[in-house]
Each structure stands twice: as structure tokens, then as C-alpha cells.
Amino acid sequence: METMVLGGKPIALDADGNLANRNDWNEETAREIATLEGIPELTLQHWAVINFMRSVFEKEGDSPSIRRLTKESGVDTKTLYQLFPKGPAKKAARIAGLPKPKGCI
Amino acid sequence: MTDKPSPIERVSIIVSHGSLEGVYPGLIMANGARMEGIEASLFFTFFGLDAIIKKRMNNLKVATVGNPAMHMPTVFGAIPGMSAFATSMMKKEMEKIDIPPVDEFITMIHDAGTEIYACKATVDMFHLTMNDFCPEVDGVISVGQFYEKAAGAQIIFT
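Residues numbered from 1 in each chain as written. Chains lettered and ligands numbered in written order. Predicted model: local features only at pLDDT ≥ 70, side-chain atom pairs only at ≥ 80, totals over all residues.

### Things to note about the nonpolar core
Among the nonpolar cores identified, the biggest contains 31 residues, and Leu42(B), Phe44(B), Ile52(B) and Ala118(B) are the most heavily contacted of them. Of all elements in the fold, only strand E1 (10-15), helix H1 (20-35), strand E2 (39-44), helix H4 (102-111) and strand E3 (115-119) of chain B reach the threshold of two or more residues within this core. (Core = buried A, V, L, I, M, F, W, Y, C linked by C-beta atoms within 7 Å. Buried ≥ 20, exposed ≤ 12 C-beta atoms within 10 Å, placed from the backbone. Helix = DSSP H or I, 4+ residues; strand = E, 2+ residues; numbered from the N terminus.)

### Brief notes about the environment of Ser83(B)
All names here are of chain B. Looking at the element boundaries, Ser83 is found in helix H3 (residues 82-96). For Ser83, a count of 20 C-beta atoms within 10 Å corresponds to the buried category. Between the alpha carbons of Ser83 and Ala63 there is a distance of 6.3 Å; along the sequence they are 20 residues apart. Setting aside chain neighbours within four positions, we find Ser83 in contact with Lys61, Val62 and Thr64. (Contact = placed C-beta atoms within 7 Å.)

### Here we look at the sheet that holds E1(B)
By definition, the strands of a sheet pair up through backbone hydrogen bonds, in either a parallel or an antiparallel sense. Residue and element names in this part refer to chain B. Across the sheet, which stays open at both edges, the 5 strands sit in the order E4-E3-E2-E1-E5 with parallel pairing between neighbours. Every other strand in the sheet has two partners, leaving strand E4 (139-141) and strand E5 (154-157) as the edge strands with one partner each. Ignoring which end each strand starts from, the neighbouring axes of this sheet average 30° apart. Alignment of E1 against E2, held across 6 bridges, turns out to be parallel. Of the residues in E2, the one forming a bridge with Ile13 is Leu42. On top of the sheet, H1 reaches E1, E2 and E5; it is set at about 165° to E1, its chief contact. (Pairing = 2+ DSSP bridges. Axes fitted to C-alpha atoms, helices over the stretch in contact; angles between N-to-C directions.)

### What to know about the environment of Glu27(A)
Residue and element names in this part refer to chain A. Inspection of the secondary structure puts Glu27 in helix H1 (residues 27-36). Look at Glu27 and you get exposed, because 10 C-beta atoms sit within 10 Å. As a C-alpha pair, Glu27 and Trp47 span 20 residues in sequence and 9.5 Å in three-dimensional space.

### Comments concerning helix H2 (residues 44-60) of chain A
All names here are of chain A. In this model, H2 (17 residues) spans 24 Å end to end at C-alpha, consistent with the 24 Å of a helix rising 1.5 Å per residue. Within the span of H2, buried status applies to His46, Val49, Ile50, Met53 and Val56. Looking down the long axis of H2, one finds its buried residues gathered within 130° of arc, a one-sided arrangement. Summarising the geometry of H2, the exposed residues directed more than 90 degrees from the buried face are Leu44, Asn51, Glu58 and Lys59. Here the buried face of H2 lies against H1, helix H3 (66-72), helix H4 (77-83) and helix H5 (88-95). Two residues or fewer after H2 comes Gly61, characterised by a positive phi angle close to 75°. (Expected span 1.5 Å × (residues − 1). Arc of directions from axis to C-beta.)

Dropping the structure here:
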């Protein structure tokens, strides 16, 4: 299994490169992952998306798709792509310490 | 030792059919490309244009005649209301898995940064104007311009 050093210690990753254990996640690891993904600073809007993703995952066991994010996170599609360039659902899930969304939409 | 194939960076997707099942695969692939960080453009041609014509885009129907995958005899498929019934069933199932109606999907795909074009030959043939199209359409282009814009992209014909 691959690992990544976050907060000074090695953390296990899944096959997609997302955190393997959700318990390894905290706001500091989120900031570190975001920096590695090319997002130097997490704004309130980033956090709104991240927290929305985590709450959906908590309830449903899967990360929400881009349509769900657009409809329910309070952040529209255009802004989502600006906040998380090159794949908002995929990137936000990674930063939120969740597996890659399974849905196609 | 083999090199790992390089990832797809751009796709140009052509939508040439106007049935519900003819339009959605192209939209899903365009949206899916953007979700993976792949650049995408959509080119609508022939009956595929129905997907971007304001008055028609939300009234696309499933083909129940001449569609062997419906698994019903052609005469049943031809019964009035059969196509509407199959369409409404399919739309319900799509909503369950978060596939939006065509107009909302086109907006989402365009907001995601996908360029959307209509085919000039078809537009001329059907005597259409930009006013017939939804506002997300970026322009009416010829096949030559399509190929120019598709430079370096994988072309997907649906």
C-alpha cells in the first residue's frame, strides 16, 4: 500500500491516492493535501464544499457527484471548477479525506 | 518493459442522434471528461441538434420502434403512447442516479468549461438560427472548423 507523509508521519492511501482511513483526516491534513493538489489556500467556500461532501459520505457511504454538489452544496458548477480546478468532485473528495466518488455524473 | 500509456487530455464528442438514448451518452461522456480534468467539446449534428434546440431539448423520446434492445415486438413499440411511457420510465430511473434533464445537463456541462457547437450544414439544411438554440451554444461551425478545434483531441462519435 502506498503512503504519503502528512503532518510528519506516513499515512496510508487507497488505490486512487486518497486517504485509506478516514480517521487519518483532520483540517490540517486537508490543508496539506490541498497544497499538494495545487490549491494553496482553502477558503470558506472550499470548506463549504468539503464539509458538504463529508456530511453526505457520513450518511450515504459514497461521496456526492458533481450534480449533487451543484444542486445542494450552495456552490454552483462554475465556481466549483474554479475552486477545485481539473475535476471538483474528485479533488474535493481527496481533500476531504474521502474515496473518489463512484457515480458517473 | 512497456511505457504507461499517456492519459487522455482532450476529447471532442459528436452527437448525431436525436433520441433520448442517442443524446445522453455524449452528454455523460462530456461531463465525465470534465470531472476527470479532461478538456471537452461537444459538436451536435443532424438530429443530435434537437438536444440544443430550446423547444425540443426537454422533449426527447426513447425510440421504441426499430430498437431491438427494447425487447418488444415492433408492433407493440408502435402503439400510441408507448414511446412516451418508455421515456417517462427511463427519465425516472435516470433522476434516481443523478442524471439531470437535458437542459440542466447542458448548462452544467457548459459551466464546467465544455464548448458547445452546432453543425453548420445541418443548421442550413433545417433553416435554423442561433435564436433556436439554448444560450449555452458557443457557435455554429463547419466540419473544417470542428477539426481545427479538435486538434490534439480524441474524437468520439455517438
